[in-house]
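Examining the three-dimensional arrangement
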Amino acid sequence: MQRANVDIKGLQIGFGGLKVLDNLSLRVAPSEFLVLLGPSGCGKSTLLNAIAGLIDVRGGEIHIGDRDVTFAEPKDRGIAMVFQSYALYPRMTVRNNMSFGLKVAGTPRDEIARRLNEAAQMLRLTELLDRRPSELSGGQRQRVAIGRALVRHAGVYLFDEPLSNLDAQLRAELRVEIKRLHARLGATMIYVTHDQIEALTLADRIAVMQGGVIQQLDTPKVIYRAPVNRFVASFVGSPAMNFIPGRIARDGNATFIAGESRFSLEGYAFRGAPSEAPAVLGIRPEHVEVTASDDPATVPARVEMVEPMGADSLIWCRLADGTAFSLRHDADAQAQGGDTLPVRFPAETLSLFDAKSGQRL
């Protein structure tokens with residue numbers, strides 16, 4: 001199976017007077033699994049459709065492999081696409097749905113049979129080949145849609161929110177299927193989603209988008225631990241990152257002050273020299289530590305509510321100035337509303353953002 005790279009250079013797309021993508025550039029390496037992540041309307045599906053050749057571009061270039069396909073027809077781009085809706089022919093069997101495109105392209109019958117059987121075995125569809133879509137579950141239909149793309153032996157596979165119509169359990173199962181599929185094929189895949197759990201579990205790299213702009217392009221680990229701005233920090237992570245407004249003060253070592261609470265920043269990796277300024281402190285719930293009350297690095301927090309989550313609990317608290325935040329604790333936590341907990345915010349787990357620009361400090 002060929003594994004093509006995708007190069008996008010200065011892409012411009014608009015509808016009427018509205019600019020959706022403006023001078024966007026992106027490179028996807030051969031065999032890479034890239035996820036385009038962002039809220040509705042951020043331009044991620046527009047970008048995917050441009051790569052597929054389904055919408056016109058105003059400027060820039062799109063290269064797949066060593067070919068400029070900016071103005072090529074979709075059928076000539078060496079891509080295969082899986083849509084949000086299954087887009088299966090209702091009167092055709094699974095076998096015919098998967099092989100229809102190959103028949104239209106004039107692929108020899110024995111080659112069609114070989115590819116069909118290979119994809120069916122890979123996706124556990126062999127026993128379903130003679131059924132029609134109405135006889136399948138949602139997860140089975142989506143596997144058929146993926147199989148229809150796989151038999152193409154394309155250079156690049158494009159996925160447009162393929163799991164969004166499924167329930168939570170099926171989404172989790174098919175995430176594993178897709179990840180196994182990529183590991184087995186080593187194919188180049190570009191995947192659009194607004195679900196950050198899908199992005200974190202599937203991607204080699206994630207491009208987080210907002211307003212038609214790629215805010216951050218990096219590995220899931222880096223995006224989760226070191227978001228470049230407050231938007232990325234707020235969009236990635238479940239439960240969401242806590243944000244605490246305050247200011248940075250210099251008293252020997254840098255300190256973050258939020259009302260009466262003070263947090264040491266010793267060990268925080270500033271991007272430049274720390275300066276005294278209004279800022280927003282970000283910390284993920286699992287990084288907040290409940291520790292001994294005599295620890296000088298602790299601050300008191302009043303418990304408002306405890307949410308049991310099964311394996312652990314999410315405890316909602318407030319600082320002395322009323323700022324709310326959450327922390328994750330083990331399921332056996334004895335905390336309850338009205339309790340006071342001594343908490344610590346380890347500097348190495350923090351994210352600090354400029355209060356005005358939202359950029360990471």
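See above for the structure.
Let us look at the structure shown here. (Residues numbered from 1 in each chain as written. Predicted model: local features only at pLDDT ≥ 70, side-chain atom pairs only at ≥ 80, totals over all residues. Heavy atoms only, no water.)

Before going further, it helps to examine the overall build of the protein. Helix and strand counts for the protein stand at 8 helices and 20 strands. For the protein, the spread of C-alpha atoms along the principal axes amounts to about 75 × 45 × 35 Å. By the burial criterion, 49% of the 361 residues in the protein qualify as buried. Long-range contacts, defined as pairs at least 24 residues apart, comprise 65% of the intrachain contacts of the protein with a sequence gap of at least 6. Charge centroids of the protein, computed over 42 positive and 41 negative side chains, lie 7 Å from each other. (Helix = DSSP H or I, 4+ residues; strand = E, 2+ residues; numbered from the N terminus. Buried < 20%, exposed > 50% of the residue type's maximum accessible area, 1.4 Å probe, protein only. Contact = heavy atoms within 4.5 Å. Lys, Arg positive; Asp, Glu negative; His and termini not counted. Charge placed at Lys NZ, Arg CZ, Asp CG, Glu CD.)

Of all hydrophobic cores here, the largest spans 49 residues; its most connected members are Leu-37, Met-98, Ile-146, Leu-150, Tyr-157, Tyr-191 and Val-208. Apart from residues no more than four positions distant in its own chain, Ile-146 is found in contact with Val-82, Leu-123, Phe-159, Ile-178 and Leu-181. Formed by 31 residues, the second largest nonpolar core is a distinct cluster that contains Leu-11, Val-20, Val-156 and Ile-214. (Core = buried A, V, L, I, M, F, W, Y, C linked by side-chain atoms within 4.5 Å.)

Summed over the entire model, instances satisfying the criterion amount to 8 aromatic pairs. One aromatic cluster is present, built from ring pairs that chain together Phe-33, Phe-159 and Tyr-191. Over the face of the ring belonging to Phe-243 we find Arg-230, whose NZ or CZ atom lies 4.4 Å from the ring centre. Its guanidinium or amino end placed over the ring of Tyr-224, Arg-284 lies 4.0 Å from that ring's centre, counting from NZ or CZ. (Phe/Tyr/Trp six-rings, centres within 6.5 Å; stacked < 30°, edge-to-face > 60°. Lys NZ or Arg CZ within 6 Å of the ring centre and 35° of its normal.)

Counted residue by residue, strand β14 (residues 277–283) has 5 buried out of 7 residues, so it is predominantly covered. Sheet topology places strand β11 (residues 242–251) next to β14; 7 bridges connect them, and they run antiparallel. From the neighbouring strand, Gly-246 faces β14, where its bridge partner is Ala-279. (Pairing = 2+ DSSP bridges.)

Before going further, it helps to examine the sheet that holds strand β7 (residues 156–160). Read from one edge of the open sheet, 6 strands run β6-β7-β8-β3-β9-β10, paired in mixed fashion. The open sheet terminates on both sides in strands that have one partner only, identified here as β6 (79–82) and β10 (213–218). The mean inter-strand angle of the sheet, taken between neighbouring strand axes irrespective of direction, is 20°. Pairing between strand β9 (residues 205–210) and β10: 5 bridges, direction antiparallel. Across the sheet, residue Ala-207 finds its bridge partner in β10, namely Leu-217. (Axes fitted to C-alpha atoms, helices over the stretch in contact; angles between N-to-C directions.)

Turning our attention to the pattern of salt bridges. Counting across every chain of the model gives 11 salt bridges. When the shortest N-O distance is used, the salt bridge between Lys-19 and Asp-22 registers 3.8 Å. For Lys-19, a relative accessible area of 57% translates into the label exposed. Of the residues examined, Asp-22 reaches a relative accessible area of 43% and is grouped as partly exposed. Salt bridges linked by common partners bring Glu-111, Arg-114 and Arg-115 together as one network. (Salt bridge = Lys/Arg side-chain N within 4 Å of Asp/Glu carboxyl O.)

In this structure, the largest pocket encloses a volume near 500 Å³. Taken together, 20 residues form the lining of the largest pocket, with Met-81, Phe-83, Gly-101, Arg-148 and Arg-152 sitting closest to its centre. Mapped onto the lining of the largest pocket, the elements with two or more residues apiece are β6, α2 (94–104) and α4 (138–150). Element by element, the count of residues in the lining of the largest pocket is highest for α2, at 4 residues. Considering only residue class, the lining of the largest pocket consists of 16 nonpolar, 1 polar and 3 charged. (1 Å grid on protein atoms, 1.4 Å probe; cavity = no way out; pocket = protein on both sides within 12 Å on 5 of 7 lines; lining within 4 Å. Points joined across faces, edges and corners; volume = space filled by probe spheres on them. Nonpolar A, V, L, I, M, F, W, Y, C, P; charged D, E, K, R; others polar.)

The buried fraction of strand β12 (residues 253–258) is high, at 5 of 6 residues. Direction of pairing for β11 relative to β12: antiparallel, over a ladder of 5 bridges. Its bridge partner lying in β12, Ala-249 is registered against Thr-255. Relative to strand β13 (residues 261–264), β12 runs antiparallel, the two sharing 4 bridges. Within β13, the residue paired with Ala-258 across the bridge is Ser-261. Between the end of β12 and the start of β13, which pair antiparallel, lie 2 residues, with Gly-259 showing a positive phi angle near 60°.

What follows deals with the packing of α2 against helix α3 (residues 109–122). Working note: a packed helix pair is described by the angle between its axes plus the distance between those axes. With their axes 10 Å apart at the nearest point, α2 and α3 run at an angle of 140° to one another. Between α2 and α3, the angle falls in the class oblique. Here α2 runs over α3; the crossing is right-handed. Contacts between α2 and α3 pair Arg-95, Met-98, Ser-99, Leu-102 and Lys-103 from the former with Ile-112, Arg-115, Leu-116, Ala-119 and Ala-120 from the latter. (Parallel < 35°, antiparallel > 145°, perpendicular 65-115°, else oblique. Left-handed = near helix turned anticlockwise from the far one by under 90°.)

All quantities given are derived from atomic positions and should not be read as evidence of function.
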